[in-house]
Amino acid sequence: MSMEVDVPSLKFDEPLISARTIKVDVLTSRLLKLHKELQGFEQQQVDLSSLNSVAKDLIQKKILQHNSTTVSAIAACCIADILRLFAPDAPYNNKELTTIFKAFLSQLGDLDKNNENNFRYQFYLLESLSTVKSILVMADLDETELMTVDLFMKFFNSVEKRLPQNVQVYMTDILSQLITEDFTLSSEVVELILEQLASGDNTNAKHIMAVDLCRTSSDALQRRVCQYFTDTLIEVGHSGDDSMEGLERVHDWIQKIYFVAPSLLLNVIPQLEEEMILDELNVRELATKTIGNMFSNKSSIMFHQYPSVWKAWLGRSRDKSVSIRCQWVETACLIFQHHPDLVAKEMNECLMNLLQDMEEKVRLAACKSMGKMEIDIIINYVTDSLLETLAMRSKDKKNIIQKAAMNAIGKIYNEIYPQMNEQHISKKFAWIPGALFNCIFVDNLRIIVALDDTVQRYIFPENLDDTARTERLITVYMSFDEKSKSAFHAFINYGKRNIEMMKKFVEYCENDGMESMISEYEQGKMDHLMKLIADQFEDHARVTSCLRQLHEIDDNNIIRALRTSIDVGKEYKDILKAQNSLLEKLEQQAHGALEPCKWILNRTHLLALNKSNVPFLYSALRSTRGKRQSVIQDRSNAAQDLVKKIGEVFPRMCLPYVDDLVRHIMNDNGGPIADESLEVMASIAKEIPSELILSNQTLERLSSYANNGNMLQAKHATMILCNSNDTSTICAELVEDLISYTSLENPNLVTTLTSLSVFALYTPLLVQPHLDILFDFITQKCLAQTLLVQNPDNNYEWEEYDDLKDISKQKLAGVPILSNYLIGMGNLKEQVDDDIVTNLFTILWNFIETTCDVAVTNRTSAAESSHLRLLAAETIVQLAEYPPYQQLVTMTHFERLALLLQDSCFFVRSQFGESLMLGLIKSQLHSRYYTLLFLCAHEPEESFLKKVAHFIRGRASRVEPMKSTTELTIIRLIHLLAHHPDFGQSDEELYTFSQYIDFYISCIVTSENISYLYNCVQKIKISVDTLAEDEGENSNILCDLACRLFERKSKRSGWQIGPVQKTALQSKLYRLLPPGPIQKAAIERNYLSDALTTRINNEQPQKALEKRSRLDSAKQTTSKRHRMI
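Per chain, residues are indexed from 1 in the order of the written sequence. Where totals are concerned, whole chains, interfaces and linings use all residues; where local detail is concerned, this predicted model gives features only for residues with pLDDT of at least 70, and gives and counts side-chain atom pairs only at 80 or more. Just so you know, side-chain values use all the structure's heavy atoms and leave hydrogens and water out.

Q: Could you give an account of the overall build of the protein, with specific residues and numbers?
A: For helices the rule is a DSSP run of H or I covering at least 4 residues; for strands it is a run of E covering at least 2, with both sets numbered from the N terminus onward. Scanning the protein from terminus to terminus reveals 60 helices and two strands. The C-alpha radius of gyration computed for the protein amounts to 46 Å, which surpasses the reference 32 Å derived for 1125 residues by more than 25%, pointing to a less compact arrangement than a globule. Dimensions of the protein along its principal axes, counting C-alpha atoms only, are 155 × 80 × 75 Å. The buried label goes to any residue with under 20% of its type's maximum accessible area, the exposed label to any with over 50%, and the partly exposed label to all in between, with areas taken from a 1.4 Å probe on protein chains only. Residues counted as buried form 54% of the 1125 residues belonging to the protein. Sequence separation of at least 24 residues holds for 75% of the intrachain contacts in the protein that already meet a minimum separation of 6. Radius of gyration: over C-alpha atoms. The globule rule applied is 2.2 Å multiplied by the number of residues raised to the 0.38 power. Here, residues are in contact when the closest pair of their heavy atoms is within 4.5 Å.

Q: An account of the nonpolar core is requested, with residue identities and associated values reported.
A: Residues grouped as a nonpolar core are buried Ala, Val, Leu, Ile, Met, Phe, Trp, Tyr and Cys residues, joined through side-chain atoms within 4.5 Å. Within the largest apolar cluster, 352 residues are counted, with the highest numbers of intra-cluster contacts made by Phe152 and Trp313. Broken down by element, this core gets its largest block of residues, 13 residues, from helix α4 (residues 69-86). With residues up to four places along the chain from it excluded, the contact list for tryptophan 313 reads Met276, Thr288, Ile291, Gly292, Phe295, Trp328, Thr331, Ala332, Ile335 and Met347. Formed by 33 residues, the second largest nonpolar core is a distinct cluster that contains Leu529, Ile533, Ile559 and Ile566.

Q: Please give an account of the pattern of salt bridges that cites residues and values.
A: Salt bridges, as used here, are contacts in which a Lys or Arg side-chain nitrogen is within 4 Å of a carboxyl oxygen on Asp or Glu. Scanning the model with the defined rule gives 46 salt bridges in all. The salt bridge partner of aspartate 319 is arginine 284, with a shortest N-O separation of 2.8 Å. In this pair, aspartate 319 is assigned in the loop between α16 (307-315) and α17 (322-338) and arginine 284 in helix α14 (residues 281-296), connecting sequence segments 35 residues apart. Of the two residues, aspartate 319 and arginine 284, neither departs from the other in class, the shared state being buried. In this structure, aspartate 527 and arginine 548 form a salt bridge, with 3.5 Å as the shortest nitrogen-oxygen distance. Residue aspartate 527 is found in helix α28 (residues 520-534), and its partner arginine 548 is found in helix α29 (residues 540-552); the two are separated by 21 residues along the sequence. Taking relative accessible area as the criterion, arginine 548 reaches 34% and is therefore assigned partly exposed. Through salt bridges that share partners, Glu482, Lys485, Asp641, Lys644, Glu676 and Glu679 make up one connected network.

Q: Just give me the short version of a negative patch on the surface, but keep the residues and values in it.
A: Residues form patches when they are more than 30% accessible in relative terms and have no salt bridge. Like charges link within 9 Å. Nonpolar side chains (Val, Leu, Ile, Met, Phe, Trp, Tyr) link within 5 Å. Per-residue accessibility takes into account occlusion by the displayed protein chains alone, with areas from the Shrake-Rupley method and a 1.4 Å probe. Under the convention used here, Asp and Glu are negative, Lys and Arg are positive, and both His and the chain ends fall outside the count. A charged residue contributes its charge at one atom only: NZ of Lys, CZ of Arg, CG of Asp or CD of Glu. Together, Asp772, Asp776, Asp833, Asp834 and Asp835 make up a negatively charged patch on the protein surface. When residues of the negative patch are traced back to their parent elements, those giving at least two are α43 (771-782) and α45 (834-849).

Q: Could you give me a rundown of unusual backbone geometry, with the residues and numbers involved?
A: Backbone torsion omega between alanine 87 and proline 88 reads 10°, so that peptide bond is classified as cis. Looking at the element boundaries, proline 88 is found in the loop between α4 and α5 (94-109). A positive phi angle, near 60°, is found at histidine 605, a position not held by glycine. Note on placement: histidine 605 falls in the loop between α32 (594-604) and α33 (614-622). What makes histidine 605 buried here is its relative accessible area of 5%.

Q: Please give an account of the packing of α45 against helix α47 (residues 862-879) that cites residues and values.
A: Only C-alpha atoms enter the line fits that serve as axes; for helices the fit covers just the stretch in contact. Angles between N-to-C directions range over 0 to 180 degrees. Across the interface, α45 lies against α47 with an axial gap of 8 Å and an inter-helix angle of 135°. Comparing the axis directions of α45 and α47 gives the class oblique. α47 is crossed by α45, and the crossing has left-handed handedness. Between α45 and α47, the contacting residues are Leu840, Phe841, Leu844, Trp845, Phe847 and Ile848 on the first element and Leu868, Arg869, Ala872, Ala873, Thr875, Ile876 and Leu879 on the second. When residues are grouped by polarity, Ala, Val, Leu, Ile, Met, Phe, Trp, Tyr, Cys and Pro land in nonpolar, Asp, Glu, Lys and Arg in charged, and all others, Gly among them, in polar. Of the residues that constitute the contact of α45 with α47, the class distribution is 11 nonpolar, one polar and one charged. Roughly parallel covers angles under 35 degrees, roughly antiparallel covers those over 145, roughly perpendicular covers 65 to 115, and oblique covers all other angles. Each crossing is labelled by how the near helix is turned from the far one, with a counterclockwise turn of less than a right angle marking it left-handed and a clockwise turn marking it right-handed.

Q: Can you explain the packing of aromatic side chains? Please cite residues and give values.
A: Aromatic pairing here means that ring centres of Phe, Tyr or Trp (its six-membered ring) are within 6.5 Å. Orientation follows from the plane angle: under 30 degrees is stacked, over 60 is edge-to-face, and everything else is tilted. For the structure shown, the criterion picks out 29 aromatic pairs. Geometrically, the ring pair formed by tryptophan 310 and tryptophan 313 is stacked, given 5.7 Å between the ring centres and 15° between the ring planes. Of this pair, tryptophan 310 and tryptophan 313 both sit in helix α16, separated by three residues, roughly a single helical turn. The residues tryptophan 310 and tryptophan 313 share a single accessibility class, namely buried. One aromatic cluster is present, built from ring pairs that chain together Phe295, Phe303, Trp310, Trp313 and Trp328.

Q: Run through the environment of tyrosine 821, naming residues and quoting values.
A: Structurally, tyrosine 821 is set in helix α44 (residues 806-827). Separated by 462 residues in the primary sequence, tyrosine 821 and glutamate 359 have C-alpha atoms spaced 60 Å apart. Those residues within four positions of tyrosine 821 in sequence are excluded, and the remaining contacts are Ala760, Pro764, Gln768, Leu771, Pro816 and Val832.

Q: Outline helix α19 (residues 360-371), listing residues and values.
A: Given the number of residues in a helix, its expected span is that number minus one, multiplied by 1.5 Å. Relative to the 16 Å expected for 12 residues at 1.5 Å per residue, α19 spans 17 Å between its end C-alpha atoms, a close match to the ideal helical length. The buried fraction of α19 is high, at nine of 12 residues. Those residues of α19 lying buried are Val362, Arg363, Leu364, Ala365, Ala366, Cys367, Ser369, Met370 and Gly371. Among the structural elements, α17, α18 (340-355), α20 (375-380), α21 (384-392) and α22 (399-416) are those in contact with the buried residues of α19.

Q: Explain the side chain of threonine 70 residue by residue, including any values.
A: The topology assignment puts threonine 70 in helix α4. The buried category is assigned to threonine 70, whose relative accessible area is 17%.

Q: How would you explain the environment of leucine 753 if you had to name every residue and give the values?
A: With respect to the secondary-structure elements, leucine 753 resides in helix α41 (residues 749-762). With near-sequence residues (within four places) excluded, leucine 753 lies in contact with Phe777, Cys782, Gln810, Ala813, Gly814 and Ile817.

Q: I'd like a rundown of the side chain of asparagine 723, residues and numbers included.
A: With respect to the helices and strands, the residue asparagine 723 is situated in helix α39 (residues 711-723). Side-chain atoms alone can form a polar contact between residues adjacent in sequence; in general such a contact is a pair of N or O atoms within 3.5 Å, and within protein one must be able to donate a hydrogen while the other accepts it. Polar side-chain contacts of asparagine 723 include one of 2.9 Å to the backbone oxygen of methionine 719. Look past the residues within four positions of asparagine 723 in its chain and what remains in contact with it is Ala685, Lys686, Pro689, Ser690 and Tyr762.

Q: Give a detailed account of the confidence of the model for the protein, specifying residues and quantitative values.
A: Taken over all residues, the pLDDT of the protein has a mean of 87, while the share at 70 or more is 93%. pLDDT measures how confident the predictor is about each residue, on a scale from 0 to 100. Considering only residues more than four positions removed or in separate chains, one finds that residues 1103-1125, a stretch of pLDDT under 50, has 46 contacts.

Q: Please set out the environment of threonine 969 residue by residue, giving values where relevant.
A: Among the structural elements, threonine 969 can be located in helix α53 (residues 960-978). Under the relative-accessibility criterion, threonine 969 is labelled buried at 2%. Between the alpha carbons of threonine 969 and asparagine 114 there is a distance of 99 Å; along the sequence they are 855 residues apart. With residues up to four places along the chain from it excluded, the contact list for threonine 969 reads Ser927, Tyr930, Thr931, Phe934 and Tyr1000.

Next comes the structure, spelled out in structure tokens:
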């Protein structure tokens, strides 16, 4: 039996619509009554037919769009109730529903808790739409998309009004329903959500709502977001650059959204991966940047989520676009910093490749980016190889990269220095200063300017603590290998040269300031000095302009500050203060001179090595006594080297501390500190003679060293005595004593001879009365000794000096007495007995002719012969620079000297070459000696060959006057080769000799001078050898050989050999043939076979030149030589 349940009906029967206007308060009261009754009904618990009348009335315009917002708000609530009660079928058609939801949107758009009249009704409407899900009715309406956009916009705008939390919850729920229920969302809605997500402001209500939406509707939004980005990409593809702004905005959103709602982008990130390989550069670049930024975020977990994307992004390090590779390396360094454990291996490999990229912009970006990395990452994750590659960029061909690399590697060292006492830190980073200083060997003026700046900023930065600064100097020096030490010494020597020139410049400025008129001669000297100073820098014009401004500026304070800035006698703090003051004044008065002036001041290097270091270096020497630890010994050795270098280059720095040196000499009983102190004092005495005033006790100690010390102690002690103030009496007495000990029975004969050789150089007039005795002893007794070696297998070509027998050492100490005497007398412009001069040169040439082969044949010491041969060659070169002895070194002798650069003993070759290069650098030797160095073309030791080539190229490019002299050496080279004992006219012999000329070309020839040199060679061909007319054909053959090589060089380099202005053949070695048919016949004759010409033209440049046949024996070195190397 069934029972019928009574369903309640609507009791409300008051009219809502009338022909006459119903008053607002009446209508409001009626609607409230209706709303209350409807609100009380439950779904399916009401007679729906009883609702039809009010349902129709409520949607009337007079109600729903009433002038009273309260009326329309209550009506909306009533309609919401009706929709609830009728659900799921609304009692309205499509058009009516559209009207209803527009009214709903209007009410919801006005949500404001401060609106006391309507807020509770609007909240009721909001709650009903959320809980009943009536909002989904919009899905079937004609204007759904427009209303949805409107709803999203209204809600996002309303949420900013600081609405109650439950209001925001309902609003979010409604929007989430629209997203989740497969609603058609326009791109405008998706863009609105993404925009709010991307704002990144966690305090912003819009952002919070967007985040909440993503969390509640993640799966539904994924598809829509993916579609949105896909559509945007397609739009860009069709619109070109016009849509890039929109794409950039979207990519920015993606970056930000990922860290708020990463799940939203599951289908989007792969799209970015695809974008990174598109042909469109701007899209590919933007995608690479976006992905990189997402990986670089500290909280990123993309490495695990998207491994294929990470791999694809790594591939962009090899992108064909320079801009992308530049952008990539900048981002890569950030990723490296934030995720080192995950990416270290890949980052080290990629960064190393980019530091060696073909494009300078990429290399520059890599250098700069590495310079910004945090030091902890560099310590723990950057490989040694990557750091070394970064340091190598300091030698890059582009100046801007040189500077960036030096700044980066220098900054790293500066930041790491406080930890340098830790072994693993020292092992990884201590080499950096040495690598920087080695840039000096590149012989590039811009590199040296960059080095000056880097050293001052990062290696020896500003520090007023003298102890700490000196300790850093020692620490840096301790890290140097031999090459780096040489570079550092060159660095200091550059400073000395610059200081000397700047001192003269300051004197000119001060003197000119006191004179109203400057003579033309003085102005010429001034201009020449400024040119010499400017030649140290590549930007000659700016430096010259700076010097002129300094010269012309009417401010004595500037000149005074400049003088102090370059004064080696000033303390560090004074120099620093003066330099800062000078630069500050220049910035105010001559801003254009500021940067060049910084270059000049940096080049003094006085903030790296200065007077304030000296006492602390002496302390470092004292602190090591009695200690054997290797580190402390290394520290002591470094301090010793630095003290010696200061004494050699800047003796005036040491002068105030001579008393410390004297104490070391008096108290150390011949120990290492005394030796170092003697050497430093000798440098001071030599450079600033007569300024040392020594006590009688000190003089006695020095005399003791001269008589009984070892060779070096005797040399330095005697040098001090010869150059100190008021020591003539003790020197005379000492010479007398020494002469009395010139006997082969003297066990300390080497010391005696060494001391006498110093007296002969500095005080030859004291030696002069005893010269006959000395000459006879040296020639008839000392040199007459024979050192026999019976077993040829033990007769080595070379032994270190300390390993030589006493007889050999006595000979090496005796000869310098005679040669130094000639030099000393030459310095005094005093005459020397011709027999002494002639006999000495005879002895020296005999030494040179006694080769190792001769010594082995005679069963005498080959090692001794090598030392004597080297000594003789260096002595002849030195004496030949003095006018009284020049005529004794003929062209034949000169060309015989050249063969020592092809001696069978490597140490003779290398040390003779080193002495020539040093003399040429110091302008102590005639430029003709450049010619000799080209005979190193067949040098088997590649390192020495490279050193010679590097020296020649550097000298040819750095000093302008050198250019003409090195170019002119082609004349001497042709003559030297023409008279070479190995010269032959067969094709094979000529091919071997072509390598000398090829070596010359590789060092000297440029596009600017090739025509001139070619012309010089052709002029030689129409000339006669003035020294050996019967051998003139040798020169002609070599000229043809040189011309073929010049032509090959011009063809391979794309250069032109053109006519040059007529010039005379400026050499006494050749005399031009009579003009006319004779010259024509000479120039037209070809001395080379077709086979040789073809071989030369087809020959590829050799990386390692073959060794000439006469040096084959040098390859068969003994075990002793291997030990020495």
